Amino acid sequence: MPINPKDVTWIKEPEIGFWEATFLPAIAKGLRITLGHVTDYRPVTQQYPEQRPVLPQHYRGVHRLNRDEKGRVKCVACMLCATACPANCIAIEAAAAPPDWPDRDKYPAEFVLDELRCIYCGMCEEACPVDAIELTHIYDMTGESRAAMVFNKDALLGIYDKTKDNPADPVRTARGRLGPASELKNLATLGPATTVERGDRAATAPSPGVIGAPPPETRNTW
Ligand code: SF4
Ligand code: SF4
């Protein structure tokens, strides 16, 4: 079907004058911008690690597995996070819940998350129906081997213990009464995200022999 000429907007090519043709105004404009940067002495380099960055409120860092009000792992081993994960870095071993846990059928006997394979997209915490998995503001984790960065259930629960009192963590799981975030009346009142001080970041010591447990030489800086 031919195009109606009324639907066509014709744009006239701008005419270039003498000075534009010499490119001198454009060169002068570029030099002005360059000189502005050269004479701007405001510091642009952050003196890390002495200076800690102020992270955005919704920063997605290392994961944690939350505990419920009884201290039990909140996860119900529904596998939704592992299914949603585009990096395929979550492995869960589901088991029947202990008899004295009448509020659920299953729990994770093991929960392994490869922090190096993760792309920190946040899909896992979005998928979790019980706010059991969350991403924290911890960003400066290191390990001496790849295996050390594969966190098991104890390590992920340990991160919860370390971060649960940090008002910046969590900031997203406010949809129910299940997570600590649910106790925050108004997330907008949270100030800029802050990070846990280096001295407070003792490495979690998972129980030896558990799948994905960091080896003894593991040393994380957080
Ligand atoms: S943040 Fe994304 S990539 Fe990482 S474990 Fe969660 S779903 Fe997978
Ligand atoms: S962390 Fe949440 S989504 Fe993942 S298995 Fe546990 S309950 Fe399901």
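Keep in mind it's a predicted model, so treat the numbers as computed, not measured.

Caption draft 1: Region of the structure containing the site of ligand 2. By nearness alone, 14 residues border ligand 2, and Cys75, Cys78, Met79, Cys81 and Cys128 come closest of all. Tallied by class, the residues present in the shell around ligand 2 amount to 14 nonpolar, no polar and no charged.

Caption draft 2: Structural detail: the packing of aromatic side chains. Scanning the entire structure with this criterion turns up four aromatic pairs. Note on Tyr48 and Tyr139: the rings are 6.3 Å apart at their centroids and 50° apart in plane angle, and the pair reads as tilted. Of the two residues, Tyr48 sits in the loop between helix 2 (24-38) and strand 1 (63-65) while Tyr139 sits in the loop between strand 4 (133-135) and strand 5 (150-151), which places them 91 residues apart along the sequence. For Tyr48, a relative accessible area of 38% translates into the label partly exposed. On the basis of an interplanar angle of 85° and a centroid distance of 6.3 Å, the ring pair of Tyr59 and Tyr139 is categorised as edge-to-face.

Caption draft 3: Up close: the site of ligand 1. Close contacts around ligand 1 come from 13 residues, with Cys85, Cys118, Cys121, Gly122 and Cys124 the closest. In terms of residue class, the shell around ligand 1 is made up of eleven nonpolar, two polar and no charged.

Caption draft 4: Here's a closer look at the confidence of the model for the chain. Scored by pLDDT, the chain comes out at a mean of 79, with 76% of its residues at no less than 70. Segment residues 175-222 is flagged for pLDDT under 50; beyond a separation of four residues in sequence, or across chains, it makes 109 contacts in the model.

Caption draft 5: Quick peek at the nonpolar core. Core analysis: the biggest nonpolar cluster contains 33 residues, and Leu65, Ile90, Phe111, Leu113, Ile133 and Phe151 have the highest contact counts within it. Elements supplying a minimum of two residues to this core: helix 3 (80-84), strand 2 (90-96), strand 3 (106-114), strand 4 and helix 5 (153-163). For this core, the leading source of residues is helix 5, giving four residues. Phe111 has contacts with Leu65, Cys75, Cys81, Ile90, Ala91, Ile92, Ile133, Phe151, Asn152, Lys153 and Leu156, leaving out every residue within four places of it along the chain.

How each quantity is defined
- Residues numbered from 1 in each chain as written.
- Chains lettered and ligands numbered in written order.
- Predicted model: local features only at pLDDT ≥ 70, side-chain atom pairs only at ≥ 80, totals over all residues.
- Heavy atoms only, no water.
- Near = heavy atom within 4 Å.
- Nonpolar A, V, L, I, M, F, W, Y, C, P; charged D, E, K, R; others polar.
- Phe/Tyr/Trp six-rings, centres within 6.5 Å; stacked < 30°, edge-to-face > 60°.
- Helix = DSSP H or I, 4+ residues; strand = E, 2+ residues; numbered from the N terminus.
- Buried < 20%, exposed > 50% of the residue type's maximum accessible area, 1.4 Å probe, protein only.
- pLDDT = per-residue confidence, 0-100.
- Contact = heavy atoms within 4.5 Å.
- Core = buried A, V, L, I, M, F, W, Y, C linked by side-chain atoms within 4.5 Å.

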